[in-house]
Amino acid sequence: FLLSEYGVGIPPDGSVQLTDEQLVQREEFSPFVIIDDLENEPPTKIEAQGKQWTTRQSLDGFARRLIHAIMTGDTFNMVMGGHSAAAGHGNNFVQSYFIKAGETLEPVFAHLGVELSAFNLAQGGMGTFQQALAGMDLRGKHTDFIMWDSSMTEKSGQLFVFFMKQALISGNRAPFLFGDGRGMRDFHAIGAGVGEHGGGWNGPITVDEVQALQVPWAARYLNCERENQAICKQHEYDSGCWVDRDDYTPVTPQDAQVGGRASWHPGNRVHKIRGRRIALFVLRGLDYALQKWAELTAESGHPLAEEHWHVTEYYKDIKEKAPSVPGCYTDETFPIGKKRRRGLRTGGNTTADFHGRQLDIEGSWPARLCDIPLQGRSLWGPRANPVETSLVSILKPNPKGDRDPNPNPAYTEEPVYLPPEKMMPWDTPPGNEVNVKQIAGARRLDVSGHNRHLQRSQKELMLMKSKIEADHRHRHDIAEINNSSRHLAEEIVPGYGISVDWGRTGVCDGTSHHWCDKKDSNKCLLGGTQDNRGMICIDSLSGWLVFEIKNVKHGFIGARIQAWHKNQAWMTEGWTEVNNGGNGNYDQRDRALLEKKSSERNAEFIAQMEREIEEDILIEDPKQRRLGGGQSCGVAGDYTFEFAINGEIKASWNKDQFCQHYTRLAYNFDAIKFMDDESQTGDFELAIRLKTGGGREQTTCISHIYWA
């Protein structure tokens, strides 16, 4: 049915006869090669021919994984990390290629009793390093198939290797690796499954608007000859923002089309055919698995022997060998964060006033992070399990019992309408055209199985509500305790001026079944973009920001920090003292004013965030992007940045000293290392505060916390 969508399929009854030319096109749609000896037949040779490829060893491992999922009724999770083009910017999120692959595969796997989910975790204007440094916490610990698509923004081979090594080391499974053939051989040598999607024939040629009506709908305007490229360009995108429904009418006028188009962003037709090819790769693996299963049981009878489908030892063997894969960072030759831009201050060449910052060996992060399981929390998105992986989830509650002191936090906002979404006519084939999604799900499925994804989104929404209720109960209990106790002046207690900018709300988990950013102010409710850059901000009046970091095994804690913001800690507006003299905004009058302000603030923050993402996307072109330099480490004169671990202040840096430790790890990724001592293990409290002459202008914001 995938081939029929592009005009070269043969129905089961054989009623369609293909011409010789069509038979050739059928073979060229997505050519597939199985390599028996990767060492002597390098993938670069296959890539040059534009073919999908994998190896016999990889297929055998893939078969083991798939048979296990079928035998146990387990899940099969596919994850992709990348930049804005991979995220699908310019198109509806559900039109992005990885979601299209999942759309094709979900009903097929459902017939086998397996719940398949495809997670598009690409982020506009960024690469993948900020996700990978959290191991698989933000990407999903139960990942079976992971793809890297960030070569445009991440040219360094170390970043690709880091992405894949952490996928193998940090999760509960050892996923099949899909993406960049340049580093696949070394991963294959340790037993990991590897493959590449390749390219192929793009469908019949579109000549003009009249002839286009004779071209299959999926292939229409996809393939034009050089002299007619303007026709394809004119129809490159087909998206929309709203389809009328009975239960809700948008308050904000909806845009005519999804924003985010750029010369390097493919349109929906390119996304669809790429997604179909990825689905075809997985279906070929599934076919191989079912054939192998049949052959083995024909030889030895039913049930299939456990040695052919158990995965525990298979995963364990790959995980243990993964640290040996070369090509990641090394402390001697390429520490994480050592690269410098020309003109950046180095060594002892210092000045009292500067706008750059030093990148010295002290500030660089240890290369051992390549080879140990990492953990992390964030407010950026999309991310897997967004409630559990939220940065706020590891905040220590303040004396009133709140993690977020805002009485009306953004994540409490309910969606303005509930799932499911209405069918999008621009993304649905006309009645007489091949509808892959409809065909794949044609057999009747058990209702509970058919709606599992929808139920999961609703469950996530309910989880958010229950968490809010639990926080309120916890707040009451903590307040009772703290009303009967006093805090010493120097005791490290979470402050009342913590400003949490959540950004987009709802279930923003990177799947097609997300329910993200469904609120009245959204100008494109069907756009589905899940790019999010939430953060937690403090200024000198906020008090201590305290994180509870559990299960540190390798003595490392670090964070992505944005020190260049001005007046971002909006919770302290109107204050002149730390914690507003002792009670924050907990007076009744302050709470009432804050509730109104918080809604306005979240709308302002999302607008600011979208501008920043758009600016970053515009310089995704690697000719304009540089690793070195980095953002300013302060915009409002001198300050003191302090941090403490388990109640003991470890550093008290002025601005110059902070800048010496403020390290650029990748594009738009500036970080501070708080702990780097392999002897330290256990649970830790990390506390951070900012001290100035009393002003609010200088702000420090944290988007990610990492530990190992």
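See above for the structure.
A brief report on the enclosed structure follows. This one's a predicted model, so the numbers in the text were calculated from it and none came from an experiment. (Residues numbered from 1 in each chain as written. Predicted model: local features only at pLDDT ≥ 70, side-chain atom pairs only at ≥ 80, totals over all residues. Heavy atoms only, no water.)

### So, the pairing of strand β2 (residues 52-55)
Here is step 1: Of the two faces of β2, the one lined by Q52 and T54 and the one lined by W53 and T55 are each fully buried.
Here is step 2: With four bridges connecting them, strand β1 (residues 32-35) and β2 associate as parallel partners. Within the sheet, the bridge partner assigned to V33 lies in β2 and is W53.
Here is step 3: Here β2 runs beside strand β7 (residues 194-196); their pairing, made up of two bridges, is antiparallel. The residue of β7 that forms the bridge with T54 is G195. (Buried < 20%, exposed > 50% of the residue type's maximum accessible area, 1.4 Å probe, protein only. Helix = DSSP H or I, 4+ residues; strand = E, 2+ residues; numbered from the N terminus. Pairing = 2+ DSSP bridges.)

### Digging into the nonpolar core
Here is step 1: Of all hydrophobic cores here, the largest spans 53 residues; its most connected members are F129, L133, F162 and F187.
Here is step 2: Secondary-structure elements contributing two or more residues to this core are β1, α7 (129-132), β5 (145-149), α8 (157-170), α9 (184-189), α13 (312-321), β19 (663-666) and β20 (669-676).
Here is step 3: Broken down by element, this core gets its largest block of residues, nine residues, from α8.
Here is step 4: Those residues in contact with L133, other than ones at most four positions away along the chain, are F162, W365, L369, L374, Q375, L665, F669 and Y706.
Here is step 5: By size, the runner-up hydrophobic cluster in this structure holds 52 residues, among which are I67, F98, L116 and L286. (Core = buried A, V, L, I, M, F, W, Y, C linked by side-chain atoms within 4.5 Å. Contact = heavy atoms within 4.5 Å.)

### Observations regarding the state of the cysteines
Here is step 1: Taken as a whole and assessed by the stated rule, the structure comprises six disulfides.
Here is step 2: Between the sulfur atoms of C241 and its disulfide mate C524 the distance is 2.0 Å. Its S-S torsion of approximately -90° makes the covalent link between C241 and C524 left-handed. A residue pair is termed long-range when its members are at least 10 positions apart, and C241 in the loop between α11 (229-234) and α12 (268-300) and C524 in the loop between β12 (515-516) and β13 (532-533) qualify at 283 residues. This pair shows no difference in class: C241 is buried, exactly as C524 is.
Here is step 3: The disulfide partner of C508 is C516, and the S-S distance across this bridge is 2.0 Å. What sets the handedness of the C508 and C516 disulfide is the S-S torsion sign, and at about 90° it is right-handed. (Disulfide = S-S within 2.5 Å.)

### Topic: the pairing of strand β18 (residues 648-654)
Here is step 1: Note that strand β17 (residues 640-645) and β18 share six bridges and pair antiparallel. Counted as the bridge partner of A644 is I649 from β18.
Here is step 2: Joining the antiparallel neighbours β17 and β18 is a turn of two residues, in which N646 adopts a positive phi near 50°.

### A closer look at the packing of helix α6 (residues 97-111) against α12
Here is step 1: Running from N to C, α6 and α12 cross one another at 40°; their axes reach a closest spacing of 7 Å. One finds that α6 runs oblique with respect to α12. Crossing hand, α6 versus α12: right-handed. Residue-level contacts link Y97, F98, K100, A101, E103, T104, L105, V108 and F109 of α6 to H271, K272, R274, G275, R276, I278, A279, V282, L283 and L286 of α12.
Here is step 2: Within the contact of α6 with α12, the residues separate by chemical class into 11 nonpolar, three polar and five charged. (Axes fitted to C-alpha atoms, helices over the stretch in contact; angles between N-to-C directions. Parallel < 35°, antiparallel > 145°, perpendicular 65-115°, else oblique. Left-handed = near helix turned anticlockwise from the far one by under 90°. Nonpolar A, V, L, I, M, F, W, Y, C, P; charged D, E, K, R; others polar.)

### Topic: the sheet that holds β17
Here is step 1: The strand order β15-β21-β17-β18 describes an open sheet built from four strands, whose pairing is antiparallel. Edge positions in the sheet fall to β15 (545-552) and β18, since each of these pairs with one other strand and no more. Strand-to-strand, the axes of this sheet are offset by a mean angle of 20°, without reference to chain direction.

### Concerning the pattern of salt bridges
Here is step 1: Applying the stated rule across the entire model yields 34 salt bridges.
Here is step 2: D149 is the salt-bridge partner of R274, the closest N and O atoms lying 3.0 Å from each other. Here D149 lies in strand β5 and R274 lies in helix α12, a separation of 125 residues in the sequence.
Here is step 3: According to the relative accessible area criterion, D149 is buried, its value standing at 13%. (Salt bridge = Lys/Arg side-chain N within 4 Å of Asp/Glu carboxyl O.)

### So, the packing of aromatic side chains
Here is step 1: Applying the stated rule across the entire model yields 32 aromatic pairs.
Here is step 2: Pairing F160 with F187 gives two aromatic rings, centres 6.5 Å apart and planes at 90°, and the pair type is edge-to-face. Taken together, the residues span a long stretch of sequence, with F160 in helix α8 and F187 in helix α9 at a distance of 27 residues.
Here is step 3: Looking at F160, the relative accessible area reads 1%, which means it is buried.
Here is step 4: Among the aromatic residues, those joined into a cluster by ring pairs are F32, F62, F76, F109, F145, F176, F178 and F281.
Here is step 5: Over the ring of F163 we find R139, and its NZ or CZ is 4.5 Å from the ring centre.
Here is step 6: Sitting over the face of the ring of Y97, R274 holds its NZ or CZ atom 4.3 Å from the ring centroid. (Phe/Tyr/Trp six-rings, centres within 6.5 Å; stacked < 30°, edge-to-face > 60°. Lys NZ or Arg CZ within 6 Å of the ring centre and 35° of its normal.)

### Focus: the packing of helix α4 (residues 56-72) against α12
Here is step 1: The interhelical angle for the contact between α4 and α12, taken along N-to-C directions, is 75°, at an axis separation of 8 Å. The pairing of α4 with α12 is recorded here as roughly perpendicular in orientation. The residues of α12 that touch α4, namely those facing R56, L59, D60, F62, A63, L66, I67, I70 and M71, are V282, G285, L286, Y288, A289, L290, K292 and W293.
Here is step 2: By residue class, the composition of the contact of α4 with α12 is 13 nonpolar, one polar and three charged.

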